[in-house]
Amino acid sequence: MPSWFNEWWTKLYFVFLRPLFKWVLRNITGQCELLRITNEESDTAVKVQKIESSLRHSSFPDLRDCATSTSVDVSESVKKIIEIKNIVPEKYPRFEISLQNFLFRIKSYNKLVSDAEDLRKIKYSSDDPSHEAKLIQLWEAYSEGQPLPERIGAHWTDLGFQGHDPSTDFRGMGILGLEQLLFFASKYPKQARQVLSQSYHPQFGFSFAIVGINITEMGYSLLVRRKLRSHFYSLDNKEPTMVDFHQVYCHLLYEFAKFWFAAKPKDIMEFNTVREQFHTYIQFTLTSPSACLQSSFQKHKSEI
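To keep things clear, this report deals only with the structure shown in the data block. Every value quoted in this text rests on a predicted model; they were computed, and no experiment measured them.

1. Considering the side chain of Arg-105
Turning to step 1, where the next piece is worked out: Note that Arg-105 resides in helix α6 (residues 95–121).
Turning to step 2, where the next piece is worked out: Asp-236 provides the closest opposite charge to the buried, salt-bridge-free Arg-105, at an N-O distance of 6.2 Å.
Turning to step 3, where the next piece is worked out: Side-chain polar atoms of Arg-105 contact the backbone oxygen of Tyr-233, separated by 3.3 Å.
Turning to step 4, where the next piece is worked out: Sequence-distant contacts of Arg-105, defined by excluding residues within four places in its chain, comprise Thr-44, Val-48, Phe-232, Tyr-233, Leu-235, Asp-236, Asn-237 and Lys-238.

Here is the structure:
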C-alpha cells in the first residue's frame, strides 16, 4: 500500500472519523472514551494501551501530556481529567483509582525509555573509574572469579569482544550495553555462563559479548518504539525500573542463544538473518495483550 495512502488515511481517521465516532458513542452511552475503556471487561495491559492512545490523540494539551510526560503529577492529572470530562466521581467510584493506576504505568514506561536513553548516551571512558570497575566486574563475573590478567589483551576475545580493548565495542549502546552484560552474569550466573559456553561451539559458535550488545540494541529499539508496552503493562509492579528492563534483556539473550542453535546456521555470516527472524518472533509474541518476556529460570524468586 502506498505511503501517501497510509498518511492520507491516518489523517482522515484521527482528524475527522475518530472524533465523530467518539461523539456518537458518547451520546449513545453517556460516557466519555476514558470511562468506556476503564469499564471494559478486558486485560489491564489492553486497557492501559487504549487509555494511552486516547490521551495521545486528545484535543486537550494537558491530557496529551499525561501520555508523554515523565514528570506529570498523576493524582493532579486524574483530577484534571475528571474535571475536563465532566465525570461525576460518585457515579463512577472505581474510575479515579483505576485511571490513577493506568497513568502510573504510562508514566513509568515513559521514564523507563528516558532512563535507558540516558544510559545509552553515556560513552564508555577509560578515564572514568566507575566504568573501568564495571569492566573488571564483567570479566570476573564471566570467568568465575578469575582476576583480570591485563586491562588490554587478547583474553577479551574469549568473552566474545572484537579486539584487545573491549571499550571500543560499547560505542553503539554506551554504558547500557556494559550494564546489561554485567546484570545477566550477576543475577543469573549459571545461565550467563551457559550462553557463554554455547558461544564456543565448534560449528554454531558466536561472539558472545558482541551478540550481547546487539541484543541490547534490539531490546532498546523495542522499548523506544513502545513495543514492550504489553509486557510492562502486564507486570504486577505498576512502576517498573531499569532492573525490569534488564530482566527483559536476560530473557532476550538467553532465548536468542536457543533460537540460534535451533536455526542451525551455516556460519556466523548468517547472524543478521537469524537475528531478524528472532526479532520478528519477539515482535509477534508482543502482539499478545498479556505478553510476558520471561524465561523459566527467571520465575524462581530465589535466583533473582
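Having put the structure on the table, let's press on.
2. Considering helix α8 (residues 174–187)
Turning to step 1, where the next piece is worked out: In a regular helix each residue adds 1.5 Å, so 14 residues correspond to 20 Å; α8 covers 21 Å between its end C-alpha atoms and thus fits that length.
Turning to step 2, where the next piece is worked out: Within α8, 12 of the 14 residues are buried, leaving the element largely enclosed by the surrounding structure.
Turning to step 3, where the next piece is worked out: Those residues of α8 not exposed but buried are Gly-174, Ile-175, Leu-176, Gly-177, Leu-178, Glu-179, Gln-180, Leu-181, Leu-182, Phe-183, Phe-184 and Ala-185.

3. Here we look at the environment of Thr-157
Turning to step 1, where the next piece is worked out: Its location among the elements puts Thr-157 in the loop between α7 (129–142) and α8.
Turning to step 2, where the next piece is worked out: Between the C-alpha atom of Thr-157 and that of Ser-207, which follows or precedes it by 50 residues, the distance is 8.1 Å.
Turning to step 3, where the next piece is worked out: Among residues more than four places away in sequence, those in contact with Thr-157 are Gln-162 and Gly-163.
Turning to step 4, where the next piece is worked out: A polar side-chain atom of Thr-157 sits 2.5 Å from the main-chain carbonyl oxygen of Ala-154.

4. Structural notes on the pattern of salt bridges
Turning to step 1, where the next piece is worked out: One pass over the structure, following the stated rule, counts 15 salt bridges.
Turning to step 2, where the next piece is worked out: Where Asp-62 meets Lys-80, a salt bridge forms, and the shortest distance between an N and an O atom there is 3.7 Å. Taken together, the residues span a long stretch of sequence, with Asp-62 in helix α4 (residues 61–68) and Lys-80 in helix α5 (residues 74–84) at a distance of 18 residues.
Turning to step 3, where the next piece is worked out: Of the residues examined, Lys-80 reaches a relative accessible area of 37% and is grouped as partly exposed.
Turning to step 4, where the next piece is worked out: Close ionic contact of Lys-79 with Glu-76 constitutes a salt bridge, the shortest N to O distance being 3.8 Å. Of the two residues, Lys-79 and Glu-76 are both situated in helix α5; the distance of three residues between them amounts to about one turn of the helix.
Turning to step 5, where the next piece is worked out: What you see here is one network of salt bridges that share partners, running through Glu-52, Arg-56, Arg-226 and Arg-229.

5. Considering the packing of aromatic side chains
Turning to step 1, where the next piece is worked out: Tallied over the full model, the rule gives 18 aromatic pairs.
Turning to step 2, where the next piece is worked out: With a centroid separation of 5.7 Å and 85° between ring planes, the pair formed by Trp-156 and Phe-161 is classed as edge-to-face.
Turning to step 3, where the next piece is worked out: Note on Trp-156: relative accessible area 0%, which makes it buried.
Turning to step 4, where the next piece is worked out: When its relative accessible area of 4% is taken as the criterion, Phe-161 is described as buried.
Turning to step 5, where the next piece is worked out: Ring plane angle 25° and centroid distance 6.1 Å describe the contact between Phe-259 and Tyr-281, whose orientation is recorded as stacked. Of this pair, Phe-259 sits in helix α12 (residues 242–263) while Tyr-281 sits in helix α13 (residues 271–285), and the two are 22 residues apart along the sequence.
Turning to step 6, where the next piece is worked out: Under the relative-accessibility criterion, Phe-259 is labelled partly exposed at 23%.
Turning to step 7, where the next piece is worked out: The class for Tyr-281 is partly exposed, based on a relative accessible area of 45%.
Turning to step 8, where the next piece is worked out: Following the ring pairs from residue to residue traces out a cluster consisting of Phe-206, Phe-256, Phe-259, Trp-260, Phe-271, Phe-278 and Tyr-281.

Reading the values: rules and limits
- Residues numbered from 1 in each chain as written.
- Predicted model: local features only at pLDDT ≥ 70, side-chain atom pairs only at ≥ 80, totals over all residues.
- Heavy atoms only, no water.
- Helix = DSSP H or I, 4+ residues; strand = E, 2+ residues; numbered from the N terminus.
- Buried < 20%, exposed > 50% of the residue type's maximum accessible area, 1.4 Å probe, protein only.
- Lys, Arg positive; Asp, Glu negative; His and termini not counted.
- Salt bridge = Lys/Arg side-chain N within 4 Å of Asp/Glu carboxyl O.
- Polar contact = N/O pair within 3.5 Å; in protein donor to acceptor, adjacent residues only side chain to side chain.
- Contact = heavy atoms within 4.5 Å.
- Expected span 1.5 Å × (residues − 1).
- Phe/Tyr/Trp six-rings, centres within 6.5 Å; stacked < 30°, edge-to-face > 60°.

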